Amino acid sequence: MKNDYPVIECDVLVIGGGSAGAMAAIRAKEMDPDQTVVVFEKGDIKYSGCIARGMDALNIVAVPGLSTPELYIEANSMACEGIMDEPVNYRMAQRSWEMLRKLESWDVCFPTDEKGEYKLVGIPHGIYNVAISKDGYRTQNLEWDFSATQDRMQKIEMQTIVMVSEEKIQQIERAKQAQEEFNEAREKIGQGDFDGAIEILKKMIMDNPDDANAHYLLGISYQRKKQFPEAIVEFEKTAKMSPSFSGVYHQLGLIYQEQQEWIKALEFYAKAIELEPKSVESFYNRGLILFEQNRVEESLVEFEKALEIKPEDPEFLEMAGRCYIHRADFKKAIEYLEKAKLNSSDQTKIEFLDDLVSKLREQIKK
Ligand SMILES: Cc1cc2nc3c(=O)[nH]c(=O)nc-3n(C[C@H](O)[C@H](O)[C@H](O)COP(=O)(O)OP(=O)(O)OC[C@H]3O[C@@H](n4cnc5c(N)ncnc54)[C@H](O)[C@@H]3O)c2cc1C
């Protein structure tokens, strides 16, 4: 068959004479100088391909002592947001230094400074204002100070940036606000401004109906105002939300004790003790109720338990002493009452106890 095309025979045919094609052809010749290598380039090989458009540096070179292929992979992976063919890129970075030296051996010039070190391109020195944003997260505006010039390229250790979601921030802000309001309400209760406290606490409950602390303080405020039904409602809600909180049962005990509903009061104090075995006031109040009802032996048990926790308490000592008077165990009664006297700072009480002890001593003499 006759045709007008020239026919070239070769061992290796490279199609495209850009940087990759040209380097492949050179490599083929290096491997076997006797083989015929042909490069097919559709354009003018001097001007075609990317290289002619302005390539003036080797973008990726892991210069020994300054960087490593591993660092390149790490940085490039971040720059490409993970879209990177890692094995290929790693191999390229691994061979990059060798390639630079080879190009230099061909008289390609890579500029160096007066010390003979390569001029490296990095980000320009300066102070950067960086905004880090992500959908649903609070944008962080940071200032990165890279103004100090460096002798050589260095890896910069950046602080881990923790992004906080908008929802989480709102939660934190709500919790902070609730804490401030809670403190304010508590302060008002301390000052006797129960209406002021109730106003704040009601607002807190409107914002967060499940705020057990707010319900508890609201209960306390009503209790102090002697609005017992309202207080009971709030304490019951608190108990439902925080079933292991002993304090609320003690408060319910107080309310029922004040209303002389002895059975309920005793039950609530017992519940407070069950949840917190060191509920010393609950023991004491149970003792008072039982004493009031002439159940002296039972009340003594409660006072003794209170004394196990607070052995020096003058009120507990006095009540235990009174129980022993009922038992006609005056010696023991005197022992407790003397101790109560010693630990009391109330002058009237001391005089009263003194008088009581003297009378008991007289009784013993008789
Ligand atoms: C403006 C610019 C600046 C750059 N600066 C840098 C730099 O500073 N540092 C750096 O490392 N990189 C730089 N790059 C990137 C780099 O130049 C390229 O990645 C690299 O040159 C690509 O080489 P290549 O051989 O793979 O492809 P190409 O350079 O695109 O070569 C492909 C060749 O194949 C030819 N061809 C296509 N189809 C056929 C066909 N059917 N038959 C025959 N021939 C065909 C084309 O004409 C072309 O000559 C730059 C790129 C551009 C565009």
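In the block above lies the structure referred to throughout.
Residues numbered from 1 in each chain as written. Predicted model: local features only at pLDDT ≥ 70, side-chain atom pairs only at ≥ 80, totals over all residues.

### Describing helix α6 (residues 212-224)
Within an α-helix, residues lying three or four positions from one another point in the same direction, as the helix has 3.6 residues per turn.
Link 1 in the chain: A rise of 1.5 Å per residue sets the reference length of α6, with its 13 residues, at 18 Å; its end C-alpha atoms lie 18 Å apart and thus fit the reference within 8%.
Link 2 in the chain: The buried fraction of α6 is high, at eleven of 13 residues.
Link 3 in the chain: Turning to α6, its buried residues are N213, A214, H215, Y216, L217, L218, G219, I220, S221, Y222 and Q223.
Link 4 in the chain: For α6, the elements touching its buried residues are α4 (166-190), α5 (194-207), α7 (228-241) and α8 (246-258).
Link 5 in the chain: Taken from the residues just after α6, K226 is the one with a positive phi, measuring 65°. (Helix = DSSP H or I, 4+ residues; strand = E, 2+ residues; numbered from the N terminus. Expected span 1.5 Å × (residues − 1). Buried ≥ 20, exposed ≤ 12 C-beta atoms within 10 Å, placed from the backbone. Contact = placed C-beta atoms within 7 Å.)

### A closer look at the packing of α4 against α5
Link 1 in the chain: Where α4 contacts α5, the two axes come as close as 7 Å, and the packing angle between them is 160°. Considering the angle they form, α4 stands roughly antiparallel to α5. At the point where α4 passes α5, the crossing takes the left-handed sense. Across the interface between the two elements, A178, E181, E184, A185, K188 and I189 from α4 touch F194, G196, A197, I200, L201 and M204 from α5.
Link 2 in the chain: Considered class by class, the residues forming the contact of α4 with α5 number eight nonpolar, one polar and three charged. (Axes fitted to C-alpha atoms, helices over the stretch in contact; angles between N-to-C directions. Parallel < 35°, antiparallel > 145°, perpendicular 65-115°, else oblique. Left-handed = near helix turned anticlockwise from the far one by under 90°. Nonpolar A, V, L, I, M, F, W, Y, C, P; charged D, E, K, R; others polar.)

### Some points on the pairing of strand β3 (residues 126-132)
Link 1 in the chain: Little of β3 sits inside the fold, with zero of its seven residues counted as buried.
Link 2 in the chain: Pairing of β3 with strand β4 (residues 140-146) involves seven bridges; the strand directions are antiparallel. Opposite Y128, over in β4, you have W144 as the bridge partner. (Pairing = 2+ DSSP bridges.)

### Details of the site of the ligand
Link 1 in the chain: The environment of the ligand is made up of 22 residues, and the closest members are G16, G18, A20, S48 and G49.
Link 2 in the chain: Residue contributions to the shell around the ligand peak at three residues, all from helix α1 (residues 19-31).
Link 3 in the chain: Among the residues forming the shell around the ligand, the class breakdown is eight nonpolar, ten polar and four charged. (Near = placed C-beta within 6 Å.)

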